[in-house]
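Structural features, examined
What follows is each chain in one-letter form.
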Amino acid sequence: MSKNVYVYAEQRDGVFQKVAYELIGKAKELAADLGQEVVAVALGDKVTNTARELFNYGADQVIVVDHPTLSEYLTEPYTKAMYAIIKAKDPEVVLFGASAIGRDLAPRVSARVHTGLTADCTKLEIDEETKGLMMTRPAFGGNIMATIICPDYRPQMATVRPGVMKALEKDTSKMGEVEVFDAGLNESDVNLKIREVVKETKKVADITEAKILVSGGRGIGGSEGFAPLKELADVLGGEISSSRACVDAGWIVRDHQVGQTGKTVRPDVYIACGISGAIQHAAGMEDSELIIAINKNNTAPIFDIADVGIVGDVNAIVPKLTEALKKIKG
Amino acid sequence: MKNILVCVKQVPDTTEVKLDPKTGTLIRDGVPSIINPDDKAGIEIALQLKEKTGAKVTVLSMGPMQADVAMREALAMGCDDAVLLSGREFAGSDTWATSSAIAAAIKNLPYDLIIAGRQAIDGDTAQVGPQIAEHLGIPHISYVAGVDVEGDTLIVKRDFEDRYHIIEAKTPLLLTALGETTEPRYMTVGGIYDAYREKEVKVWAYEDVKDNVDPANLGLKGSPTRVKKSFTKPVKAAGTLYEDISADEAVEKIISKLQEKYII
Amino acid sequence: MDFNLSKEHLLLQEMYRSFAENEVKPLAEEVDEEERFPVETVKKMAKNGMMGIPFPKEYGGQGGDVLGYAMCVEELSKVCGTTGVIVSAHTSLCGAPIYENGTEAQKQKYLIPLAKGEKLGAFGLTEPGAGTDASGQQTKAVLEGDHYVLNGSKIFITNAGYADIFIIFAMTDKSKGTRGISAFIVERDFPGFSVGKHEKKMGIKGSSTCELIMENCIVPKENLLGAEGRGFGIAMKTLDGGRIGIAAQALGLGEGAVEEAVKYTKERTQFGRRISQFQNTQFQLADMHTQMEAAKLLVYKAACKKEAKQPYTMDAAMAKLFAADAAMAVTTKAVQLFGGYGYTREYPVERMMRDAKITEIYEGTSEVQRMVISANLGVN
């Protein structure tokens, strides 16, 4: 009988990624509904000691495969290790973060195991009747939501986007014994040669690709008005954009311009700061999922299309918003 | 390198899909069909490798007969051959079943390198490419931002959020390409005329691949996952305007909305 | 009678639209404001096979048909009238006469680089004293041994400032009237040939429109195009084909204006509603669309008749006459629908209106087209 909710605890350079903690947090809820436990799985080189912190975040068990072939992510050794654990332990559920690693590893593993995999889940729940996992995810470019089930194959596998689930508070009193697992790895599993690893910071943004935009208009007062907007964007993991007025005034370059004569954007969140929302601008962003507008003038047309409209001072609200978000995100 | 296969999918342009405000359902009529953007980048990478190595490029797709247009477009861009796998047996497939079918077709074709797109804009799973590689028992590299050739070795740039790898690989190999890193070329005018006048799209049915796959792995029946339900996100209600509130209250309202929408 | 575009023409249309949207449209405003000839666009068009569409592959062309070529000019003109005429003049007025009248040696030497887009072409017929009355050619060509010596000037020559190859018409025997006119293939760096004054125009401002000056210009004997005295006939036949190109340009300009007007009126609010909801607006747009649809059918028919090697002179004249007048009317209406905004250069419709005007004038004025049509009706 398959048992327990497993979480692939992604690590890079020996540091566990936030998504690992978030998934353990969610796994705890799922395991409670199933009356089972949460098992965190860490794969890496010399990670056994650090893996103990996974108990602090809620894991009931921690399994580690510690091997030099796992020092930098490569599909085959990681797949082989996950596969070995799944075959040995027969999990009920295995969760992966939907990162550039998880979205490579999970499909390969699911195919090797011959089971179902659901990608980019935004919601996970246990079906009361069947006790199966219900995995809800966006499809069709985000235009629809679908709830997927995997009734006949085990484990039920899912990848979850970072930032969607909530991690538990770190509790150093929670501790346990790490199980070191031998997945039978050896040098021949490294079937591709990593010639070079280059770490880099984020490149220059394309606002049409951004999921979150913090946008400035004439109301921000000057080029320095973009600094607090940039801070807010950074905290949210988004980009800054602008109305034509700021571009014409030389406060920001044209690449950031949203509007009829600029770019059309469709982010998940568009925060309009000091933007009046005249049609030339609205035409470029009105299809945004969530529009939040802050403007001193209660007749500003932006409020006609905003989901949340605040009549207020951008200079007072934005920095406070940034602070509050920093606290929440930890 | 002699043979490159490019796996493509014809998809509805999901950026053009709109919600019917009255019924809350998707309006799919009149939405143009396009070659999936990540796959188009894959075609471009294949054509660049063809220019460097003289390899033959075959484009392969699994889909309904309408996908013929996508095949012609790939031919017009410069691909040499096109194969379309089509049949009711493949309908209703999840990624396991899709990758099983495509792998079955690939087994009929010579290949050194297979290039797929990282993900399709309708399914958005990014699973089919790696799963095809597993069915074929060959290595794969996903999130590919660039490919170069040094003799019989491929030099692949593999992107992550915070880094990239330069990987040396030998064939056989499967790659999944990132649409945002490679600008695909236009079709040429002559290429379009040739695609319709000189070239043909080979259509394969289940019969043509059945020896390469267990039918239990195909179609709706062969899919480990299934859709329990699908629904559109609720139609946008009118917004709320807050006046005469303090900056702190404003921050609260915004944060609560961001949380409600799972942004934070 | 199938009024549907074939699958290959639909795919061509898609390619042209994609290219126009991504490569041409972003530059259109600048090309007009700075009166800049878009060299980089010409290079890209050459790469994608857009500079030699109707010529056979053996001559460096794409092996396409006249309709596919007309559709290219149409789609380019929807976003930029300048870019549309660059392709039209190059293909119909320089490539085509060489293809239709040239010797094998001339085709090898000149048509191949033109069709590949490696060289740009132009057509020199118009002179200060010979516009609508093209027969009044003053430019002379005198045979001296193994070469001709040309003297004279041409004006209003499209592509002149950037062209490498020119089809030049000159009088070889004044006593024979129009049968004394001959056609020559002239290279830019032939001694005695120079490009003169660049015209400042109302529209298609990025198009290079210049004077050509021939002062004892030496043209090798092998560059005579067609036989001596056949030049006028070649010019007229060439203009027949060129009219399809200009009709396509006008068609594109009008269609582009209708698209912009539909988009704008759906967004613009006055009196508490979108102006597209007023019946006056709706009726105007209905008329504009219908006019351009009618123009399209005339243009496409002329193109298909030429492709089928059927007589198409009258069809080409009707297409150009109708499409040009329609474009002028439609672009003017579009500016009106945009109101004050339409008069500013922030929106493209005033440029489309300025660009449209020339389509009623060049490659045979609308009056000339009427002369051609009535002649074909047998009423002259």
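Residues numbered from 1 in each chain as written. Chains lettered and ligands numbered in written order. Predicted model: local features only at pLDDT ≥ 70, side-chain atom pairs only at ≥ 80, totals over all residues.

With that out of the way, let us pick up the overall build of chain A. Looking only at helices and strands, chain A features 9 helices and 18 strands. Expressed as lengths along the three principal axes of its C-alpha atoms, the size of chain A is roughly 65 × 50 × 40 Å. When the 330 residues of chain A are sorted by exposure, 53% land in the buried category. Of the contacts formed within chain A by residues at least 6 apart in sequence, a portion of 63% connects residues at least 24 apart. (Helix = DSSP H or I, 4+ residues; strand = E, 2+ residues; numbered from the N terminus. Buried ≥ 20, exposed ≤ 12 C-beta atoms within 10 Å, placed from the backbone. Contact = placed C-beta atoms within 7 Å.)

Attention now goes to the overall build of chain C. Scanning chain C for helices and strands turns up 11 helices and 10 strands. Here the C-alpha atoms of chain C give a radius of gyration of 21 Å, agreeing with the 21 Å that 2.2 N^0.38 yields for 380 residues. By its C-alpha atoms, chain C is 80 × 45 × 40 Å across when sized along the principal axes. Counting the 380 residues in chain C, one finds 54% classified as buried. Pairs at least 24 apart in sequence give 74% of the contacts found in chain C among residues at least 6 apart. (Rg over C-alpha atoms; globule rule 2.2 N^0.38 Å.)

Once that is clear, we can look at the interface of chain C and chain B. Counting residues at the interface gives 16 residues for chain C, matched by 12 residues for chain B. The element best represented in the side of chain C that touches chain B is helix H1 (residues 7-33) of chain C, accounting for 7 residues. Residue composition of the side of chain C that touches chain B, by class: 6 nonpolar, 7 polar and 3 charged. (Nonpolar A, V, L, I, M, F, W, Y, C, P; charged D, E, K, R; others polar.)

All right, on to the interface of chain B and chain A then. Between chain B and chain A, the contact holds 63 residues from the first and 64 residues from the second. Take the side of chain B that touches chain A: its biggest share by element is 8 residues, from helix H7 (residues 247-260) of chain B. Looking at the side of chain B that touches chain A residue by residue, the classes come out as 27 nonpolar, 17 polar and 19 charged. The pairing of strand E13 (residues 193-199) of chain A with strand E11 (residues 163-169) of chain B spans 6 bridges and is antiparallel. From the neighbouring strand, Ile194(A) faces E11(B), where its bridge partner is Ile167(B). (Pairing = 2+ DSSP bridges.)

With that out of the way, let us pick up the environment of Val318(A). All names here are of chain A. Considering the arrangement of structural elements, one finds Val318 in helix H9 (residues 314-329). Judged by the 27 C-beta atoms lying within 10 Å of it, Val318 falls in the buried class. As for Val318 and Asp152, which are separated by 166 residues in sequence, their C-alpha atoms are 50 Å apart. Val318 has contacts with Pro228, Leu229, Leu232 and Cys273, leaving out every residue within four places of it along the chain.

Residue and element names in this part refer to chain B. Here helix H3 (residues 95-106) is 12 residues long and its end C-alpha atoms lie 16 Å apart, about the 16 Å a rise of 1.5 Å per residue gives. Judged by how many residues are buried, H3 sits mostly within the fold: 12 of 12 residues are covered. Of all the residues in H3, the buried ones are Thr95, Trp96, Ala97, Thr98, Ser99, Ser100, Ala101, Ile102, Ala103, Ala104, Ala105 and Ile106. (Expected span 1.5 Å × (residues − 1).)

Strand pairing in a sheet relies on backbone hydrogen bonds, with the paired strands running either antiparallel or parallel. Residue and element names in this part refer to chain A. Within the open sheet, the 7 strands sit side by side as E7-E11-E6-E1-E4-E5-E12. Their pairing is parallel. In this open sheet, the two edge strands, each paired with only one partner strand, are strand E7 (117-121) and strand E12 (178-180). Shown here is a sheet whose adjacent strand axes are inclined to one another by a mean of 25°, direction ignored. Sheet topology places strand E1 (residues 5-8) next to strand E6 (residues 93-97); 3 bridges connect them, and they run parallel. Bridged to Val7 within E6 is Leu95. Sitting on the sheet, helix H1 (residues 18-34) is in contact with E1, strand E4 (38-44), E6 and strand E11 (156-160), with an inclination near 175° to E1. Relative to the sheet, helix H4 (residues 102-113) contacts E1, E6, E7 and E11, its axis offset from that of E11 by approximately 170°. (Axes fitted to C-alpha atoms, helices over the stretch in contact; angles between N-to-C directions.)

Our focus in this paragraph is the sheet that holds strand E8 (residues 123-126) of chain A. Taken in spatial order, the 4 strands of this open sheet run E8(A)-E9(A)-E10(A)-E14(B), and their pairing is antiparallel. In this open sheet, the two edge strands, each paired with only one partner strand, are E8 of chain A together with strand E14 (226-232) of chain B. The sheet shows a mean angle of 25° between the axes of neighbouring strands, taken without regard to direction. Pairing analysis gives 6 bridges linking strand E10 (residues 144-149) of chain A to E14(B), with the strands arranged antiparallel. What sits directly across from Ala146(A), in E14(B), is Ser230(B).

The next point concerns the packing of helix H4 (residues 81-101) of chain C against helix H5 (residues 104-116) of chain C. Residues and elements named next belong to chain C. At a closest axis distance of 10 Å, the pairing of H4 and H5 adopts a crossing angle of 150°. Accordingly, the angle class assigned to the pair H4 and H5 is roughly antiparallel. The element H4 and its partner H5 pack so that their crossing is left-handed. From H4, Cys94, Gly95, Ile98 and Tyr99 reach across to H5, where they touch Gln106, Lys107, Tyr110, Leu111, Leu114 and Ala115. For the contact of H4 with H5, a count of residues per class yields 7 nonpolar, 2 polar and 1 charged. (Parallel < 35°, antiparallel > 145°, perpendicular 65-115°, else oblique. Left-handed = near helix turned anticlockwise from the far one by under 90°.)

On their own, these measurements won't tell you what the molecule is for.
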